[in-house]
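Notes for the structure review
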Amino acid sequence: EAGVTQFPSHSVIEKGQTVTLRCDPISGHDNLYWYRRVMGKEIKFLLHFVKESKQDESGMPNNRFLAERTGGTYSTLKVQPAELEDSGVYFCASSPLGVETQYFGPGTRLLVL
Amino acid sequence: AQSVTQPDIHITVSEGASLELRCNYSYGATPYLFWYVQSPGQGLQLLLKYFSGDTLVQGIKGFEAEFKRSQSSFNLRKPSVHWSDAAEYFCAVDGGGTYKYIFGTGTRLKVLA
């Protein structure tokens, strides 16, 4: 069974540009989560989808971040316009409905110059 | 507010030595507790988890963790470390089944040959 996949693995962009990160959850997992780790700090929750609905987006830092999950399958996280402080590793995780354990992807390393 | 503390940012041990990584949490009741590992270039892999029951939990790769309610701790242990255990280890909690993990800042383990 394929795990959670994320694309791209790395992205280097300039301040003010737009970047879109993609996450493909494990097949059949209706829960999908985004987390972020800024350099040297803890991994922080961004938001949680149940199927295509946003269940909890309390961790989204500001309105420059937009997450979508059309059709309840893969998800995208768009940062527009990117700022220097957005640099970090963005993790996606998924789990089946009713299951607490989350399965994480390899992360996308974003560097904003 | 919930929080997780991993007091040791870096730990160095010799191969074959025993290992204990500390994790303390702050939460009113017993949360769901997790240990994840991130090897270089890899994503977060679940080592073990505690929800209820036996307070000594066995995980993959020979790791175990013990939940101590009185100390609000969930320390990770391994009797004999292998060079391949060099990685960063994260403790996480999910209080109240919110599906929103709170992570510690991580402990980076270095193994000396």
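Please refer to the structure placed before this passage.
These numbers come from a predicted model, not from an experiment.

1. Focus: the overall build of chain A
Scanning chain A from terminus to terminus reveals 0 helices and 11 strands. When the elements of chain A are put in sequence order from the N terminus, they spell out β-β-β-β-β-β-β-β-β-β-β. Taken over C-alpha atoms, the radius of gyration comes to 13 Å for chain A, in line with the 13 Å a tight globule of 113 residues would show. Taking the principal axes of the C-alpha coordinates as reference, chain A spans close to 40 × 25 × 25 Å. Long-range contacts, defined as pairs at least 24 residues apart, comprise 52% of the intrachain contacts of chain A with a sequence gap of at least 6. Taking the 12 positively charged and 13 negatively charged side chains of chain A as two groups, their mean positions are separated by 4 Å.

2. Thoughts on the interface of chain B and chain A
By a widespread convention, an interface's size corresponds to the accessible area lost as its parts come together. The partner chain A presents 21 residues to the 20 residues of chain B that form the contact. Summing both sides of the interface, chain B and chain A together bury roughly 1700 Å²; the carbon and sulfur share of this comes to 54%. A salt bridge links Lys100(B) to Asp56(A); its shortest N-O distance comes to 3.4 Å. The dominant element in the side of chain B that touches chain A, judged by the number of residues it contributes, is strand E5 (residues 32-38) of chain B, at 4 residues. Residues that form the side of chain B that touches chain A fall into these classes: 10 nonpolar, 6 polar and 4 charged.

3. Points about the pairing of strand E11 (residues 108-112) of chain A
Residue and element names in this part refer to chain A. The alternating pattern of E11 places Thr108, Leu110 and Val112 on a buried face, while none of Arg109 and Leu111, on the opposite face, is buried. Where strand E2 (residues 10-13) meets E11, 4 bridges bridge the pair, whose relative direction is parallel. Bridge pairing links His10 to Arg109 in E11. Here strand E9 (residues 88-95) runs beside E11; their pairing, made up of 3 bridges, is antiparallel. Among the inter-strand pairings, Tyr90 is bridged to a residue of E11, identified as Thr108.

4. Some words on the side chain of Thr107(B)
All names here are of chain B. Within the secondary structure, Thr107 sits in strand E12 (residues 107-112). Only 2.5 Å separates the side chain of Thr107 from the backbone oxygen of Asp8, close enough to count as a polar contact. Once residues lying within four places of it in the same chain are set aside, the contact partners of Thr107 are Gln6, Asp8, Ile9, Ile11, Leu21, Ala87, Glu88 and Tyr89.

About the criteria used
Residues numbered from 1 in each chain as written. Chains lettered and ligands numbered in written order. Predicted model: local features only at pLDDT ≥ 70, side-chain atom pairs only at ≥ 80, totals over all residues. Heavy atoms only, no water. Helix = DSSP H or I, 4+ residues; strand = E, 2+ residues; numbered from the N terminus. Rg over C-alpha atoms; globule rule 2.2 N^0.38 Å. Contact = heavy atoms within 4.5 Å. Lys, Arg positive; Asp, Glu negative; His and termini not counted. Charge placed at Lys NZ, Arg CZ, Asp CG, Glu CD. Buried area = accessible area lost by both parts, 1.4 Å probe. Salt bridge = Lys/Arg side-chain N within 4 Å of Asp/Glu carboxyl O. Nonpolar A, V, L, I, M, F, W, Y, C, P; charged D, E, K, R; others polar. Buried < 20%, exposed > 50% of the residue type's maximum accessible area, 1.4 Å probe, protein only. Pairing = 2+ DSSP bridges. Polar contact = N/O pair within 3.5 Å; in protein donor to acceptor, adjacent residues only side chain to side chain.

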